[in-house]
Every structure is written in structure tokens, then in C-alpha cells.
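Remarks on the overall topology
Read off the chains here:
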Amino acid sequence: MPWLAWLLAAAALGVAEFFTLTLVFGLLAGAALVAAVVAGVGIGLLGQLVALALAAVAGLVVVRPVALRAMDRSPVTREGSDALIGKRAEVMQEVTATHGLVKVSGEEWSARALDETHVIPVGALVDVMEIEGATAVVYPRELLP
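Fair warning: this is a prediction, and the values are worked out from it, not measured in the lab.

1. Observations regarding the packing of helix α2 (residues 24-41) against helix α3 (residues 45-72)
Two elements in contact, α2 and α3, have axes whose closest approach is 8 Å; the angle formed by their N-to-C orientations is 150°. The angle between α2 and α3 places the two elements in the roughly antiparallel class. As α2 packs across α3, the resulting crossing turns out to be right-handed. Side by side, α2 and α3 meet where Val 24, Leu 27, Leu 28, Ala 31, Ala 32, Val 34, Ala 35, Val 38 and Ala 39 of the first sit next to Gly 47, Gln 48, Ala 51, Leu 52, Ala 55, Ala 56, Gly 59, Leu 60, Val 63 and Arg 64 of the second. Its residues placed into classes, the contact of α2 with α3 shows 15 nonpolar, three polar and one charged.

Written as C-alpha cells, this is what we have:
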């Protein structure tokens, strides 16, 4: 029953992957599963080793780099207050370097001007440049290049 030995090896490699999170042991576990299938079909030890080697090389050379690149990307969608960055807002109460109030995406937010010298009047349109806690840091739209 060599297929059982390959399944045990795959399980052990899967556990190792769980603790290391390197994607190496997981791909080797997949290769051991391929070898288990080959053994289950009745192919000899040499065929099992060839299947293991081919699956391992394919996983480590092709799949792992693609998976690592996908994991390194930042999320495409922003959530929570980060989603407000770049949005247009309307000034509800004069915005200065220390205080103000804007309406962005239907919600009122406390605000302050990005440039400390700006005083932004009520009704002006601004862009949300960043969020600091519960305060939107804004810049007037008409001054943007």
C-alpha cells in the first residue's frame, strides 16, 4: 500500500505548511498527493517518484511565484474610512487648520485643512486627502492642479 505512505507524507507536509506558511510544504504536499494517485493506479516506485518530482517542480517553479505575487498585492477595494480618501466633499462648516465640518458620501465628518494657511468657506467643494481618526483632512478642489 504505497499510496497510503504518500497520503501520510502529504498530510505531514500539509501540517508543516500550516505552521510555516511558506507555500513550499503545501506544494510538496500536493506533489505527494499526485504520487499517491499514481501509486493507487498501480504504477511502480520509479513512476511515483517521477510524478512526485514533476509535480513538485511545477508547483515550486510555476505556481509559487504566481501565488506570492498575488499575495503581495494590496486589496483593490478600500474599506471603511479608507474608502473616503479621494472622494469629493462639501464644506458644511468653515474648515480651518484645526476644525470644520464636511459632508462626504452622505455622512458628516469633522474636518481640517491639509494646508494650515487655508480657510475653506461653507459650500466649497473639497477633496478628502486622508483620514486621521475621525477627521477628514481636506484640500479645496479649485486649488488642485
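On we go.
2. Considerations on the sheet that holds strand β1 (residues 88-93)
For sheets, the rule is that strands pair by backbone hydrogen bonds, running either parallel or antiparallel. If you trace the five strands once around the closed barrel, you get β1-β2-β3-β5-β4, paired in mixed fashion. Pairwise comparison of adjacent strand axes, ignoring direction, gives a mean angle of 55° for this sheet. In this sheet, strand β5 (residues 135-140) lies alongside strand β4 (residues 125-132) in antiparallel orientation, the contact comprising six bridges. Bridging across to β5, Val 126 finds its partner in Pro 140.

3. So, helix α1 (residues 2-20)
Across its 19 residues, α1 extends 27 Å between first and last C-alpha, which sits within 8% of the 27 Å expected from 1.5 Å per residue. In this structure, the buried side of α1 is in contact with α2 and α3. Count one or two residues on from α1 and you reach Leu 21, which has phi positive near 55°.

4. Quick word on the side chain of Gln 48
The topology assignment puts Gln 48 in helix α3. The exposure class assigned to Gln 48 is buried, which follows from its relative accessible area of 4%. In terms of polar contacts, Gln 48 uses its side chain to reach the side chain of Trp 6, at 2.7 Å.

Criteria and thresholds
- Residues numbered from 1 in each chain as written.
- Predicted model: local features only at pLDDT ≥ 70, side-chain atom pairs only at ≥ 80, totals over all residues.
- Heavy atoms only, no water.
- Axes fitted to C-alpha atoms, helices over the stretch in contact; angles between N-to-C directions.
- Helix = DSSP H or I, 4+ residues; strand = E, 2+ residues; numbered from the N terminus.
- Parallel < 35°, antiparallel > 145°, perpendicular 65-115°, else oblique.
- Left-handed = near helix turned anticlockwise from the far one by under 90°.
- Contact = heavy atoms within 4.5 Å.
- Nonpolar A, V, L, I, M, F, W, Y, C, P; charged D, E, K, R; others polar.
- Pairing = 2+ DSSP bridges.
- Expected span 1.5 Å × (residues − 1).
- Buried < 20%, exposed > 50% of the residue type's maximum accessible area, 1.4 Å probe, protein only.
- Polar contact = N/O pair within 3.5 Å; in protein donor to acceptor, adjacent residues only side chain to side chain.

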